[in-house]
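So the chains spell out like this:
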Amino acid sequence: KLQYSLIPPETLSALAEVLTFGARKYAIDGWKYVPDAKRRYMDALFRHLEAFRSGETHDQESGLHHLAHLLTNVAFLHYLHTKTKD
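Values in this document were obtained by computation on a predicted structure and should not be read as measured data.

Caption draft 1: Region of the structure containing the side chain of His 69. Within the secondary structure, His 69 sits in helix α3 (residues 66–83). For His 69, a relative accessible area of 8% puts it in the buried group. With residues up to four places along the chain from it excluded, the contact list for His 69 reads Val 18, His 48, Asp 59, Ser 62 and Leu 64.

Below, the structure written as structure tokens:
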């Protein structure tokens with residue numbers, strides 16, 4: 001059985017914060033319907049990674065941690081690569 005208790009609550013909260021921000025800005029589950037999504041989420045992932053590597057901790061627009069955005073983009077890519085054909 002999967003042990004969901006192994007997921008740090010802070011990580012799950014960070015993911016939920018970014019998803020909530022996106023749902024308010026765009027639409028609930030709107031991320032699933034973005035044209036050219038795989039490329040766009042990969043680009044966003046690297047933008048957040050590079051901002052964090054450059055010393056910026058929080059995204060200017062959302063106020064949320066860049067690593068939370070990075071985590072969310074990884075989740076989107078994982079979903080798109082495992083739930084749809086490449």
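Caption draft 2: Fine view of the pattern of salt bridges. Within the structure shown, the criterion is met by five salt bridges. In this structure, Arg 39 and Asp 36 form a salt bridge, with 2.4 Å as the shortest nitrogen-oxygen distance. Judged by its relative accessible area of 46%, Arg 39 is partly exposed. Given a relative accessible area of 45%, Asp 36 falls into the partly exposed group. Between Arg 53 and Glu 50 there is a salt bridge; the shortest N-O distance is 3.1 Å. Of this pair, Arg 53 and Glu 50 both sit in helix α2 (residues 37–53), three residues apart, which is roughly one turn of the helix. Taking relative accessible area as the criterion, Arg 53 reaches 60% and is therefore assigned exposed.

Caption draft 3: Examining helix α1 (residues 9–25) more closely. Given a rise of 1.5 Å per residue, 17 residues ought to cover 24 Å, and the 24 Å separating the end C-alpha atoms of α1 matches this to within 8%. Those residues of α1 that are buried are in contact with α3.

Caption draft 4: Structural view of the packing of aromatic side chains. Per the counting criterion, the structure on display carries three aromatic pairs. An angle of 80 degrees between the planes, with centres 5.1 Å apart, marks the rings of Trp 31 and Tyr 79 as edge-to-face. Of this pair, Trp 31 sits in the loop between α1 and α2 while Tyr 79 sits in helix α3, placing them 48 residues apart in sequence. Here Trp 31 falls in the buried class, since its relative accessible area comes to 19%. A residue is classified by how much of its surface remains accessible, and Tyr 79, at 28% relative accessible area, is partly exposed. Each member of the aromatic cluster is reached from another via a ring pair, and the members are Trp 31, Tyr 41, Phe 76 and Tyr 79.

Caption draft 5: Up close: the layout of surface pockets. In this model, the largest pocket occupies a volume close to 750 Å³. Taken together, 27 residues make up the lining of the largest pocket; nearest its centre are Tyr 26, Tyr 41, His 69, Asn 73 and Phe 76. Across the lining of the largest pocket, the residue classes tally to 13 nonpolar, seven polar and seven charged.

Quick notes on the rules
- Residues numbered from 1 in each chain as written.
- Predicted model: local features only at pLDDT ≥ 70, side-chain atom pairs only at ≥ 80, totals over all residues.
- Heavy atoms only, no water.
- Helix = DSSP H or I, 4+ residues; strand = E, 2+ residues; numbered from the N terminus.
- Buried < 20%, exposed > 50% of the residue type's maximum accessible area, 1.4 Å probe, protein only.
- Contact = heavy atoms within 4.5 Å.
- Salt bridge = Lys/Arg side-chain N within 4 Å of Asp/Glu carboxyl O.
- Expected span 1.5 Å × (residues − 1).
- Phe/Tyr/Trp six-rings, centres within 6.5 Å; stacked < 30°, edge-to-face > 60°.
- 1 Å grid on protein atoms, 1.4 Å probe; cavity = no way out; pocket = protein on both sides within 12 Å on 5 of 7 lines; lining within 4 Å.
- Points joined across faces, edges and corners; volume = space filled by probe spheres on them.
- Nonpolar A, V, L, I, M, F, W, Y, C, P; charged D, E, K, R; others polar.

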